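# What the coordinates show
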Amino acid sequence: MEKTPRSFIREILKTTERSEVISFAGGLPNPSLFAVEALATAAQDVMADAGRAALQYSTTEGYLPLREFIAERYRQRLGLSVNPDEILITNGSQQCLDLIGKIFLNPGDPILIERPGYLGAIQAFSLYEPAFRPVPLLDDGPDIGYLKAMQEEAPARLFYGVPNAQNPSGITYSEEKRRAVAAALAGTGTIFVEDDAYGELRFDGRRLPPIRRYLDDATIITGSFSKIVTPGLRIGWVAAPGEILEQITVAKQASDLHSNTLAQRIIARYLETNDIDAHIERITRVYRAHRDLMIAAIEEEFPEGVRYTRPDGGMFLWVTLPEGCSTMRLLEIALQENVAFVPGRAFYVDGGGDTAMRLNFSNASEEGIVEGIRRLGTAISTFVR
Ligand code: PMP
């Protein structure tokens, strides 16, 4: 436990519960987009039609119709052939990271992770005391030269990455980078953990092939209904080759027997009886508008010399202030102004990120985005003069 960082974000979220605080800190979906009525109907129907099964213990692998839906969607969206038997339903995709850590990582095992990297993954894997090897993330994906050099030193056990609209940077790997990552890992024994939490939330450009397409059996994909249906029901999944999935299944059995039976059936029913593509289209339309609004406000309110990413999906953008401007210090000033964000430092396992910060654009209202960026701009100007 001593080696496992507390989640910065959950700590900041506590201070942002006050209603006057505009928070760009959390990674919350916008609750105005939750399909409350449709989910209520699905819940009622499940209870009426199959209440006893829905309230019973169930299999560790999860509800078969839901796994079939996920497999079919992989086929339709990504042209990926995944058998429902290669899918296991988890308690949010966060649980996948814990289970993967549990079965793969012994203390000191090398694991590659993006720099900056997803804090929840850093936390989950830290419990197993691996040797983190951060790979710098460039505008179009990981630094391949660096990755190759690391692999030559000693191949890692795992490479954990988020190729679509990465958390925290908002960066999406280009197609060339996907091929190059696969080529750098092929034949080395390293398994790529492809976290696709945001793949469905794509605003611009065409959908890019998953890395699994190029690496096949050396890939584990994780997915989630959190960003496209609801995070509160805590339903995610992992898709992995048979042998790996068997081990994950045993690890899950030991940990919690199975995921919530009722929640799995409610989501399955909701997906059967509603048009999920239309729903995702509604979400992406709102998030795209929020991203555009936040960027326009940044251009207006932030002083010169501030850089930012322009994410083509997801929920976050990444801002870098000029040299010497500490975002830890900025956070103190910003909180006095009732605006919050996550300082970049939280996403680095080896120090760094001092001048960076992550801004969430999905959760705040349009007025909140404009006002919050105005307040942040004022706070930043106290440094950059
Ligand atoms: N992976 C990434 C990259 C995330 O941003 C998140 C949510 N913050 C998760 C996994 C976990 O989400 P969930 O457990 O709700 O599926």
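Residues numbered from 1 in each chain as written. Predicted model: local features only at pLDDT ≥ 70, side-chain atom pairs only at ≥ 80, totals over all residues. Heavy atoms only, no water.

## What to know about the site of the ligand
How we decide: Near residues are defined by distance, with any heavy atom within 4 Å of the molecule or strand qualifying the residue. We call two N or O atoms a polar contact when they sit within 3.5 Å, provided that within protein one can donate a hydrogen and the other can accept it, with sequence-adjacent residues counted only if both atoms are side-chain atoms. Throughout this entry, Asp, Glu, Lys and Arg are counted as charged residues, while Ala, Val, Leu, Ile, Met, Phe, Trp, Tyr, Cys and Pro are counted as nonpolar. The remaining residues, Gly among them, count as polar.
Around the ligand, the neighbouring residues are G92, S93, Q94, Y118, N167, D195, A197, Y198, S224, S226, K227 and R234. A distance of 2.5 Å separates an oxygen atom of the ligand from a polar side-chain atom of Y198. Its residues assigned to classes, the shell around the ligand shows three nonpolar, six polar and three charged.

## Brief notes about the sheet that holds strand β13 (residues 342-343)
Applied cut-off: Each pair of strands is called paired provided DSSP finds at least two bridges between the two strands. Under the DSSP-based scheme used, a helix requires at least four consecutive residues in state H or I and a strand at least two consecutive residues in state E, with every element numbered from the N terminus. By definition in these notes, contact holds between two residues if any of their heavy atoms fall within 4.5 Å. Helix axes are fitted only over the stretch in contact, all axes being lines through C-alpha atoms; the angle between N-to-C directions runs from 0 to 180 degrees.
The antiparallel open sheet is built from four strands, whose spatial order is β10-β11-β14-β13. Two strands close off the open sheet at either side, each with one partner strand: β10 (307-308) and β13. Here β10 runs beside strand β11 (residues 316-320); their pairing, made up of two bridges, is antiparallel. Of the residues in β11, the one forming a bridge with Y308 is V319. In the packing of helix α11 (residues 276-301) onto the sheet, the strands contacted are β10, β11 and β14 (356-360), and the crossing angle to β11 comes to about 15°.

## What to know about the nonpolar core
Rule in force here: By nonpolar core is meant a set of buried Ala, Val, Leu, Ile, Met, Phe, Trp, Tyr and Cys residues that side-chain atoms within 4.5 Å join together. Residue burial is assigned from relative accessible area. The probe radius is 1.4 Å, only protein chains are included, and a residue is buried under 20% of its type maximum, exposed over 50%, and partly exposed in between.
Within the largest apolar cluster, 101 residues are counted, with the highest numbers of intra-cluster contacts made by F24, F225, M357, L359 and L376. Counting residues per element, this core draws most heavily on α11, which supplies eight residues.

## Notes on a negative patch on the surface
Heads up, the condition is: Residues enter a patch when their relative accessible area is above 30% and they make no salt bridge; the linking distance is 9 Å between like charges and 5 Å between nonpolar side chains (Val, Leu, Ile, Met, Phe, Trp, Tyr). Computed with the Shrake-Rupley method and a 1.4 Å probe, the accessible areas treat only the protein chains shown as cover for residues. Each salt bridge in this description consists of a side-chain nitrogen of Lys or Arg and a carboxyl oxygen of Asp or Glu lying within 4 Å of one another. Only four residue types enter the charge count: Lys and Arg as positive, Asp and Glu as negative, with His and the chain ends excluded. One atom stands in for each charge, and that atom is NZ of Lys, CZ of Arg, CG of Asp or CD of Glu.
A grouping of D216, D217, E243 and E246 is seen on the molecular surface, where their side chains present a negatively charged patch. Within the fold, E246 resides in helix α9 (residues 242-256).

## Section: the pattern of salt bridges
In total, this model carries 24 salt bridges according to the counting rule given. Its salt-bridge partner being R179, residue E175 comes within 3.6 Å of it at the nearest N-O pair. Within this pair, E175 and its partner R179 are both found in helix α7 (residues 175-185), separated by four residues, close to a single helical turn. Given a relative accessible area of 18%, E175 falls into the buried group. By relative accessible area, R179 is classed as partly exposed at 46%. Where E371 meets R374, a salt bridge forms, and the shortest distance between an N and an O atom there is 2.8 Å. Placement of both E371 and R374 in helix α13 (residues 366-381) is noted, with a separation of three residues, approximately one turn of the helix.

## Looking at the pairing of strand β4 (residues 131-138)
Our working rule: Crossover handedness is defined by viewing with both strands directed away from the observer: a clockwise path from the first strand over the helix to the second marks the crossover as right-handed.
Taken together, the six bridges between strand β3 (residues 110-115) and β4 define a ladder with parallel strand orientation. Note on β4: the bridge partner recorded for E114 is V135. Between the parallel pair β3 and β4, the chain is carried across by helix α5 (residues 119-126), and the sense of this crossover is right-handed.

## Re the environment of H279
Along the chain, the position of H279 falls in helix α11. For H279, a relative accessible area of 3% puts it in the buried group. With 40 residues separating them along the chain, H279 and A239 place their C-alpha atoms 24 Å apart. Setting aside its immediate chain neighbours within four residues, H279 contacts L33, A35, I228 and Y270.

## Some thoughts on the packing of helix α2 (residues 36-54) against helix α10 (residues 261-273)
For any two helices packed against each other, the geometry comes down to the angle between their axes and how far apart the axes lie. The test is simple: Oblique is the label for any angle not under 35 degrees, not over 145, and not in the 65 to 115 range, which are roughly parallel, roughly antiparallel and roughly perpendicular in turn. Should the near helix be turned anticlockwise from the far one by less than a right angle, the crossing is termed left-handed; should it be turned clockwise, right-handed.
Put simply, α2 and α10 touch, their axes get as near as 8 Å, and they point 125° apart. By the criterion of interaxial angle, the relationship of α2 to α10 is oblique. Classified by chirality, the crossing of α10 by α2 is right-handed. Here A38, L39, A42, A43, D45, V46, M47, D49, A50, A53 and A54 of α2 come into contact with α10, specifically with T261, L262, R265, I266, R269 and Y270. Residue classes in the contact of α2 with α10 are distributed as twelve nonpolar, one polar and four charged.

## What about the pairing of strand β7 (residues 191-195)?
Across the five residues of β7, five count as buried, placing the element largely inside the fold. Across the two faces of β7 the burial is the same, with I191, V193 and D195 and F192 and E194 all buried. Bridge analysis of strand β6 (residues 158-161) against β7 gives four bridges, and the strand direction is parallel. Each bridged residue has a counterpart across the sheet, and for Y160 the counterpart in β7 is V193.

## Here's the deal with the sheet that holds strand β9 (residues 235-239)
The eight strands are arranged β2-β9-β8-β7-β6-β3-β4-β5 in an open sheet whose pairing can be described as mixed. Bordering the open sheet on either side are β2 (87-91) and β5 (141-142), each of which pairs with just one other strand. Alignment of β7 against strand β8 (residues 219-224), held across four bridges, turns out to be parallel. Looking across to β8, one finds that D195 is bridged to T222. Contacts from helix α6 (residues 144-153) reach β3, β4, β5 and β6 within the one sheet, and its direction differs from that of β4 by about 160°.

## Some points on helix α12 (residues 327-336)
Three or more residues of α12 are buried, namely T327, L330, L331, I333 and A334. For α12, the side-chain oxygen to backbone nitrogen distance between the N-cap and M328 is 3.2 Å, and the N-cap itself is S326. N338 sits one or two positions beyond α12 and adopts a positive phi of about 65°.

## Observations regarding the packing of aromatic side chains
Note the threshold: Note on aromatic contacts: the rings of Phe and Tyr and the six-membered ring of Trp form a pair at centre separations within 6.5 Å, being stacked when their planes are under 30 degrees apart, edge-to-face when over 60 apart, and tilted otherwise.
Applying the stated rule across the entire model yields six aromatic pairs. Considering the side-chain rings of F159 and F192, the 5.1 Å spacing of their centres and the 90° angle between planes classify their relative orientation as edge-to-face. Taken together, the residues F159 in strand β6 and F192 in strand β7 connect sequence positions 33 residues apart. The residues F159 and F192 share a single accessibility class, namely buried.

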